[in-house]
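# Structural features, examined
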Amino acid sequence: MTHIKDVQMPTTREEADANRQHVAELMVAAGPNHFDMDGWCEETECGTTYCIAGWGAVAMGLGRSKLEWGLAAWTSESVARWLGLNDKLLFYDDIHTPEDAALALKQYPYRGGLT
């Protein structure tokens, strides 16, 4: 693995697949009240919601808030690389539930050349 901002980046498909699985499990376990593709990290009456990228940032160990992340320009690209994705999936409009997102993470083509 290579490192970006103290986060180990996967260098193999298996490592990226394990990261995807971890994010999928987090999203499904948190449930629909904590998932929303309309923003990385939004405060609601039910608590904080995250999109795929937001859950990816949580899984990467970057923290659980915009303040902790700093939402630097590298964040979206880094989350996509950590998941072995083209970052387009992180902003896909047809994902409405954590289960949709978990399925998309499983089915979306792996983007090689992560290093």
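To keep things clear, this report deals only with the structure shown in the data block. (Residues numbered from 1 in each chain as written. Predicted model: local features only at pLDDT ≥ 70, side-chain atom pairs only at ≥ 80, totals over all residues. Heavy atoms only, no water.)

## Some points on the pairing of strand β3 (residues 41-44)
Put simply, the test is: Criterion used throughout: strands pair if DSSP finds at least two bridges between them. The secondary structure listing takes helices from DSSP runs of H or I that are at least 4 residues long and strands from runs of E that are at least 2 residues long, numbered from the N terminus.
Bridge count between β3 and strand β4 (residues 47-50): 4 bridges; the pairing is antiparallel. Residue pairing for β4: Thr 44 is matched across the bridge by Gly 47. The antiparallel hairpin formed by β3 and β4 contains 2 residues in its connecting segment.

## Re the pattern of salt bridges
Applied cut-off: Here, a salt bridge means any Lys or Arg side-chain nitrogen found within 4 Å of an Asp or Glu carboxyl oxygen.
Under the definition given, this model contains 1 salt bridge. For the salt bridge of Arg 13 with Asp 17, the shortest nitrogen-to-oxygen distance reads 3.7 Å. Linking Arg 13 with Asp 17, this pair stays in helix α1 (residues 13-30), spanning 4 residues, or about one helical turn.

## Thoughts on the layout of surface pockets
Basically, it comes down to this: Think of a 1 Å grid over just the protein atoms. A cavity is a set of points where a 1.4 Å probe fits yet cannot get out, a pocket is an open set with protein on both sides within 12 Å along at least five of seven lines, and lining residues have an atom within 4 Å of a point. Grid points are joined across faces, edges and corners, and a volume is the space filled by probe spheres set on the points.
Considering only enclosed or pocket space, the largest pocket measures out at about 180 Å³ in volume. The wall of the largest pocket is formed by Arg 13, Asp 17, Arg 20, Gln 21, Ala 24, Ala 102, Leu 103, Leu 105, Lys 106, Tyr 108, Pro 109 and Tyr 110. For the lining of the largest pocket, the elements supplying multiple residues, two or more each, are α1 and α5 (98-107). In terms of residues, the lining of the largest pocket owes the most to one element, α1, which gives 5 residues.

## Focus: the nonpolar core
Across soluble globular proteins, nonpolar side chains have a tendency to be buried as a group. Note the cut-off: In these notes, a set of buried Ala, Val, Leu, Ile, Met, Phe, Trp, Tyr and Cys residues joined through side-chain atoms within 4.5 Å is what counts as a nonpolar core. Only protein chains enter the accessibility calculation, which uses a 1.4 Å probe. A residue is then buried if its area is under 20% of the maximum for its type, exposed if over 50%, and partly exposed in between. Here a residue-residue contact requires only that any non-hydrogen atoms of the pair lie within 4.5 Å.
With 28 residues, the main nonpolar core has Val 23, Met 27, Phe 35, Ile 52, Trp 82, Leu 83 and Leu 105 as its most contacted residues. If you list the elements that add at least two residues to this core, you get β2 (7-9), α1, α2 (52-59), α4 (74-83) and α5. The leading source of residues in this core is α2, at 6 residues. Leaving out residues up to four positions away in the same chain, Trp 82 has contacts with Val 7, Gln 8, Met 9, Pro 10, Ala 16, Asn 19, His 22, Val 23, Gly 56, Ala 59 and Met 60.

## Details of the side chain of Arg 20
Selection rule: Counting rule applied: Lys, Arg positive; Asp, Glu negative; His and chain ends not counted. In protein, a polar contact means a hydrogen-donor-capable atom and an acceptor-capable atom, both N or O and within 3.5 Å, with residues adjacent in sequence counting only if both atoms are side-chain atoms; elsewhere, any N or O pair within 3.5 Å suffices.
Tracing the backbone through its elements, the reader meets Arg 20 in helix α1. The buried charged residue Arg 20 lacks any salt bridge partner; its closest oppositely charged side chain belongs to Asp 17, at an N-O distance of 4.4 Å. Within the structure, Arg 20 has its side chain in polar contact with the backbone oxygen of Leu 83 (distance 2.8 Å). Of the polar contacts made by the side chain of Arg 20, one reaches the backbone oxygen of Leu 105; its length is 2.7 Å. The contacts of Arg 20, once residues within four sequence positions are left out, are Leu 83, Gly 84, Leu 85, Leu 105, Tyr 108, Pro 109, Tyr 110 and Arg 111.

## Some points on α2
The buried fraction of α2 amounts to 8 of the 8 residues, a majority that puts the element mostly inside the structure. Residues of α2 that are buried include every one of Ile 52, Ala 53, Gly 54, Trp 55, Gly 56, Ala 57, Val 58 and Ala 59, and no others. Looking at the residues trailing α2, positive phi occurs at Gly 61, about 90 degrees.

## So, the packing of aromatic side chains
We count it as follows: Two rings from Phe, Tyr or Trp (for Trp, the six-membered ring) form a pair when their centres sit within 6.5 Å of each other. Planes less than 30 degrees apart are called stacked, planes more than 60 degrees apart edge-to-face, and all others tilted.
Enumeration according to the criterion identifies 1 aromatic pair in this entry. Ring centres of Tyr 50 and Trp 55 lie 4.8 Å apart, and the angle between their planes is 65 degrees; on these two criteria the pair is classed as edge-to-face. Look at Tyr 50 and you get buried, because its relative accessible area is 3%. Accessibility expressed as a relative area gives 3% for Trp 55, which makes it buried.

By themselves, these figures tell us nothing about what the structure is for.
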